[in-house]
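# Structural overview for review
Below are the chains, spelled out letter by letter.
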Amino acid sequence: MGYDIRFKVKTIDGHTVPVGEQYANITWNVGDMIRVATGLEWRNEEDNGLCVDVMPKIVDGLKELTINRKKYKKYEDPGGWGTIDGTIDFFNTLIRDWNRFCTAYPQFVDEARFWIE
């Protein structure tokens, strides 16, 4: 199983719908690594807050993993299903997804929610 990320907004009638295309996903096996690197709770199948609040922590987590790789080695899956390199790629994809979203949907940037599915 894995984490699939969606940026969602509320419609006029109160429903929450995904907007744009997001490609970032990764195995659940790196959940602890993500939580430690970003400081985020990382709640699966839930709204995890405003993207404008979450994405700076993703950027910080990317820097943290890149600079302090040895610190995160213990969070890698022994079977290879969740690595530091994979998590770095995941964070880079998230950042690209967010940048594309901001360009394509500037009217939703301040209200978009970060969903983990």
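These figures come from a predicted structure and were not determined experimentally. Per chain, residue numbering runs from 1 following the sequence as it is written. Local features in a predicted model are, by the rule used here, given only for residues with pLDDT of at least 70; side-chain atom pairs are given and counted only at 80 or more, and totals for whole chains, interfaces and linings are based on all residues. By convention in this description, side-chain values take in all heavy atoms of the structure and omit both hydrogens and water.

## Looking at the packing of aromatic side chains
- Within 6.5 Å between ring centres, the rings of Phe, Tyr and Trp (the latter by its six-membered ring) count as paired, and their orientation is classed by plane angle as stacked under 30 degrees, edge-to-face over 60, tilted in between. Within the structure shown, the criterion is met by 12 aromatic pairs.
- Arranged with centres 5.7 Å apart and planes meeting at 55°, the rings of Trp 42 and Phe 114 form a pair that is tilted. One end of the pair, Trp 42, is in the loop between α1 (31-38) and β4 (46-50); the other, Phe 114, is in strand β5 (residues 113-116), with 72 residues separating them in the sequence.
- Residue Trp 42 is classed as buried on the basis of its relative accessible area, which comes to 3%.
- A centroid spacing of 5.4 Å and a plane angle of 40° characterise the contact between Phe 101 and Tyr 105, whose relative ring orientation is tilted.
- Given the relative accessible area of 2%, Phe 101 is considered buried.
- Connected via pairs of aromatic rings, a cluster forms that spans Tyr 3, Phe 7, Trp 28, Trp 42, Phe 90, Phe 91, Trp 98, Phe 101, Tyr 105, Phe 108 and Phe 114. Numbering goes from the N terminus for both helices and strands, where a helix is a DSSP run of H or I of at least four residues and a strand is a run of E of at least two. With a 1.4 Å probe rolled over the protein chains alone, any residue whose accessible area is under 20% of its type maximum counts as buried; one over 50% counts as exposed, and the rest are partly exposed.

## Digging into the side chain of Thr 87
- Along the chain, Thr 87 turns up in helix α4 (residues 84-104).
- Of the polar contacts made by the side chain of Thr 87, one reaches the backbone oxygen of Thr 83; its length is 2.9 Å.
- With residues up to four places along the chain from it excluded, the contact list for Thr 87 reads Ile 26, Val 30, Met 33, Ile 34 and Leu 65. Polar contacts, as used here, are pairs of N or O atoms within 3.5 Å; protein pairs need one atom able to donate a hydrogen and one able to accept it. Residues neighboring in sequence count only if both atoms are side-chain atoms. When checking whether two residues touch, look at their non-hydrogen atoms; a contact exists if any pair is within 4.5 Å.

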